[in-house]
Amino acid sequence: MNMNHLVLKLSLVFFIHFSTTAQQSIDIKVAELLSKMTLEEKIGQMNQYNGFWNFTGPSPEEGDAKVKYEHLRKGLVGSMLNVRGVRDVRSVQKIAVEESRLGIPLIFGFDLIHGYKTVFPIPLAEAASWDVKAIELSAKLAAKEAAAAGINWTFAPMVDITRDARWGRVMEGAGEDPYLGSLVAAARVRGFQGEKLNAPFTIAATAKHFAAYGFAEAGRDYNTVDIGLNTLHNMVLPPFKAAADAGIKTFMNSFNDLNGIPATADAYLQRDILKGDWGFEGFVVSDWGSIREMMDHGYARDRKHAGELAVLGGSDMDMESSIYINELETLLEEKKINLAHIDDAVSRILKVKYELGLFDDPYLYCNEEVEKQITGAQEIVEASLEVAKKSIVLLKNENNILPLRKKGQKIGLIGPLAADKNSPLGNWRIAAENNTAISVLEGMQNYKDNRLSHAQGVRLVEKVPAGFHEEVAINTTDKTGFEAAIALAKKVDVVVMVLGEYGFQSGEGRSRTQLGLPGLQQELLEKVTMANPNVVLVVMNGRPLILNWAAENVPAIVEAWHLGTQSGNAIAQVLYGDYNPSGKLPMSFPRSVGQLPLYYNHKSTGRPGAEGEDPGSVFWSHYGDEKNSALFPFGFGLSYTEFEYTNFQLSTATLDRSGSITAFVDVKNTGAVKGKEVVQLYLQDPYASTTRPVKELKGFQMVELAPGESKKVSFIITEADLKFYNAKQQWDAESGIFHVYIGGNSLVKNKRSFELN
Ligand code: BGC
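What you see is a predicted model; the values in this text were computed from it and never measured.

A. Local environment of helix α17 (residues 482–491). All of the buried residues along α17 are Phe 482, Ala 485, Ile 486, Leu 488 and Ala 489. For α17, the arc enclosing every buried residue in end-on projection is 160 degrees, short of the 170-degree limit, so these residues lie on one face. Exposed side chains of α17 directed beyond 90 degrees from the buried face belong to Glu 483, Lys 490 and Lys 491. Where α17 is buried, its residues meet β12 (410–414), β13 (451–455), β16 (494–500) and α18 (521–531).

Quick look at the structure:
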């Protein structure tokens, strides 16, 4: 760099950093900076690259990496993803800030799906806690650990509603319900972003995948989505709206096409709804290569056309397609897009960078000492244990086989996941070290007085996948461990079997058509149960599995998901009764793949059949070979104690539009130990201008009760709770009768009614 260049650059950097006074708003700073930028530099801000070479080594000479490096130096990159760790972040940021003409800082993005180095439970598991404070804390601490490693932006939360367990990405979301999903979405936004984005260790969050990605046909990842406006507005959009209302800074669009238009180019979604109706002022990033993929969708003619469609559709930043950087200038010359599109996108991106404080300090939180102190800090590990315990759902517990006794009882721990230190980390744990989870074996070994023996029984995978990119090969032939496991089962009082999915069996690209216990595990379970019927099944998984046989033949089932770093400790504390489980399922567990998609908030149909009765003919909405109902429904979960619901009342029988109704119920702990219950409120609009779900969750409260203790729980219902996207395509509440249900899961039958004037 020659001297003149250096002086010019320094003075520009000086200008950018110091010419604005504290009083001037970010919008003015953005406008000023924008006016200094060349077209090439503007387009550069809309370009995001993946980091894949060692920035601290010699600069790359060839290929893709060389281009990226050159682009960084020329200010043609707005953001990097997957560059992490203070050393790497600083060295890349240094190129942008010190070598590019304007020195505009990069924003560093990363997928914090459930933690950074310290892994929290998968989001589906955390949703099972129904504890939004715990979920907020999980996001906050993930942000802290990642921010200390130089990250300023996360591609989370995933707020897709998921109804089909075949789809591997159900693990990343909060399940099938838009109300629970909205509360979880807002909690995660608050957790990641904090009160103010420039507060220490806060990062920008992303609501993804906009929209309807969770409705991929037949649960096959990346597949077509064809749903009506009714489902889109009432089911899919609410959690996105909640994230926008919580002040989220960015959105990511999705790989799927929605009703014929790839989401990446969907102006109805991104321009009309998001940036229009919702007044969203942040920016939209594409999903990985999703701009280019519009050619494969059969929607874009070529790369240039894809760029045009994406810009017009409202995508502000191009993740890894390299289309914006190569095509937008030409598109502008050809008047296919105009400068206002580009200025708007760039302003949105710069605004978030200003809000984060990157212009004040491009090396935000980059301090090796602090990074060391915060990585794996006790407060983070403890929070991950707390939320892991809260995420566990007790699905069955006959004859109080659980909790286990801490002394005296001979326990056999069996199963391929019992000693596994990797699977509990689940998918999407890119910053974590492999094999760093506490296994169930280790967790149980902390109980020193127990009489614990262990046998693997069977291997789950043939070959341990190296990570994110490999398909998992399941063992379907080698049964050599069966004999020892069966022999162990015969010798003990209780068997704990830890079965389920390998850590990378769910997640992106991990769709499955069979949802039983994978590989030889079902056979092992049956043989062990034959040898000793006192079996406690602990299931580890990233999605609802089909557990019919276990539900009939095994006395206890504990849903333990992939719980992260502290998995084994959390599970052991539940098994031994040091923690009384209170989790409730955020997704219905099917009886058969043939039932999918399966969700509690379905419509009635014209032929619903009489509940529990044989309607006397075949002509009703049902299967000839399976029940309609879930094996374990949404909202379901047991405790080591029991709860009784009595005195259910409404404060009045009519609701004025400006008023409210209070629904009360007494909840009593009728068992012998202290416990927590998630009390759930469901509403039903039995007749409306469009058909409505048979039940919709509209409130819940967690109560903790000592044995014999009773509490009055109340919910306030207002017009806002009754609104839906109706036949006039308006968000409104329609006059008429409404039913109210309060209970411990979505099957609750006891109802009261009121009328909306
Ligand atoms: C996923 C996104 C993710 C992105 C960046 C894509 O494959 O769909 O959810 O944020 O990669 O890692």
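B. Focus on the domain arrangement of the protein chain. For the protein chain, the assigned domains are domain 1 (37–372), domain 2 (392–595) and domain 3 (643–756). A straight line from the C-alpha centre of domain 1 to that of domain 2 covers 34 Å. At the interface, 38 residues of domain 1 touch 34 residues of domain 2. Per-residue buried area on domain 1 facing domain 2 is highest for Val 119, Ala 165 and Arg 166; these three make up 21% of the total on that side. The interface formed by domain 1 and domain 2 includes 2 salt bridges. Between Glu 433 and Lys 117 there is a salt bridge, with its nearest N and O atoms 3.3 Å apart. Taken together, domain 1 and domain 2 are joined by 21 residue pairs in polar contact (both at pLDDT 80 or more). Per-element tally for the side of domain 1 that touches domain 2: the top contributor is helix α6 (residues 123–128), with 4 residues. Partitioned by chemical class, the residues of the side of domain 1 that touches domain 2 number 20 nonpolar, 7 polar and 11 charged.

C. The arrangement of the nonpolar core in detail. Counting 189 residues, the largest nonpolar core has Phe 251 and Val 536 as its most contacted members. Top element by residues in this core is helix α13 (residues 339–356). It accounts for 8 residues. Beyond its immediate stretch of four places on either side in the chain, Val 536 contacts Ile 401, Leu 402, Leu 404, Val 494, Val 495, Val 496, Met 497, Ala 556, Val 558 and Leu 575.

D. Spotlight on the site of the ligand. Around the ligand, the structure places 13 residues, and the nearest of them are Asp 111, Arg 169, Lys 208, His 209 and Asp 287. One of the side-chain nitrogen or oxygen atoms of Arg 169 is found 2.7 Å away from an oxygen atom of the ligand. At 2.7 Å from an oxygen atom of the ligand is found a side-chain nitrogen or oxygen belonging to His 209. With the chains in place, 93% of the 310 Å² that the ligand exposes on its own is no longer accessible. Across the shell around the ligand, the residue classes tally to 7 nonpolar, 1 polar and 5 charged.

Rules behind the numbers
- Residues numbered from 1 in each chain as written.
- Predicted model: local features only at pLDDT ≥ 70, side-chain atom pairs only at ≥ 80, totals over all residues.
- Heavy atoms only, no water.
- Buried < 20%, exposed > 50% of the residue type's maximum accessible area, 1.4 Å probe, protein only.
- Helix = DSSP H or I, 4+ residues; strand = E, 2+ residues; numbered from the N terminus.
- Arc of directions from axis to C-beta.
- Contact = heavy atoms within 4.5 Å.
- Domains from an automatic or database assignment.
- Buried area = accessible area lost by both parts, 1.4 Å probe.
- Salt bridge = Lys/Arg side-chain N within 4 Å of Asp/Glu carboxyl O.
- Polar contact = N/O pair within 3.5 Å; in protein donor to acceptor, adjacent residues only side chain to side chain.
- Nonpolar A, V, L, I, M, F, W, Y, C, P; charged D, E, K, R; others polar.
- Core = buried A, V, L, I, M, F, W, Y, C linked by side-chain atoms within 4.5 Å.
- Near = heavy atom within 4 Å.
- Areas by Shrake-Rupley, 256 points an atom, 1.4 Å probe, with all protein chains shown as cover.

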